[in-house]
Amino acid sequence: MKLGRALRGLARSAIDVSDGLLADLGHIAHASGVAAELRWEDIPRARAIRECRNAALAKECLLAGGDDYELVFTAPRSKRARIAALGVSRIGAIVAGRPGVRVRDAGGRAVPVSRTGFDHFA
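Nothing here was measured: the structure is a model prediction, and the numbers come from that model.

Our focus in this paragraph is the layout of surface pockets. The volume enclosed by the largest pocket comes to roughly 1200 Å³. If you go around the largest pocket, you meet 41 residues; those closest to its centre are L71, V72, F73, S89 and I91. Here the lining of the largest pocket is built from residues that sort into 25 nonpolar, eight polar and eight charged. Approximately 160 Å³ is the volume found for the second largest pocket. If you list the elements that add at least two residues to the lining of the second largest pocket, you get helix 2 (21-32) and strand 5 (100-104). With five residues, helix 2 is the largest single contributor of residues to the lining of the second largest pocket.

Our focus in this paragraph is the pattern of salt bridges. Overall, the coordinates contain six salt bridges when judged by the stated rule. Between E37 and R102 there is a salt bridge, and its shortest N-O distance comes to 2.8 Å. Taken as a pair, E37 in strand 2 (residues 35-39) and R102 in strand 5 lie far apart in primary sequence, 65 residues in all. As a salt-bridge pair, R115 and E60 come within 2.7 Å of each other at their nearest N and O atoms. One end of the pair, R115, is in the segment after strand 5; the other, E60, is in helix 4 (residues 55-64), with 55 residues separating them in the sequence. Overall, the relative accessible area of 38% leaves R115 in the partly exposed class.

What counts and how
- Residues numbered from 1 in each chain as written.
- Predicted model: local features only at pLDDT ≥ 70, side-chain atom pairs only at ≥ 80, totals over all residues.
- Heavy atoms only, no water.
- 1 Å grid on protein atoms, 1.4 Å probe; cavity = no way out; pocket = protein on both sides within 12 Å on 5 of 7 lines; lining within 4 Å.
- Points joined across faces, edges and corners; volume = space filled by probe spheres on them.
- Nonpolar A, V, L, I, M, F, W, Y, C, P; charged D, E, K, R; others polar.
- Helix = DSSP H or I, 4+ residues; strand = E, 2+ residues; numbered from the N terminus.
- Salt bridge = Lys/Arg side-chain N within 4 Å of Asp/Glu carboxyl O.
- Buried < 20%, exposed > 50% of the residue type's maximum accessible area, 1.4 Å probe, protein only.

Laid out in structure tokens, this is it:
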């Protein structure tokens, strides 16, 4: 809640990551009519994810796992310095393209995704 209040006047949109990072950021992207691109290497990993021996499971948990109750948000470039001072991680950007979320590795290649998160209507 403290971060949410600190983002007032800085963020353009925000959502808690309760259904999975890709699913919840996808809600923002689709509602706003924008594309979001995440940088695989920049997504913070909890210790359990870092130590998981099953790479596919770790990837799915990181991108589609829920109940993290972290915030994912968008903000204008002009606010980057103030946001960085809050100690949050910048994991991507809003880019040109069809509304949705994609993940890219350090070389710019698409990271394949099998699941985006929990779907309340499936």
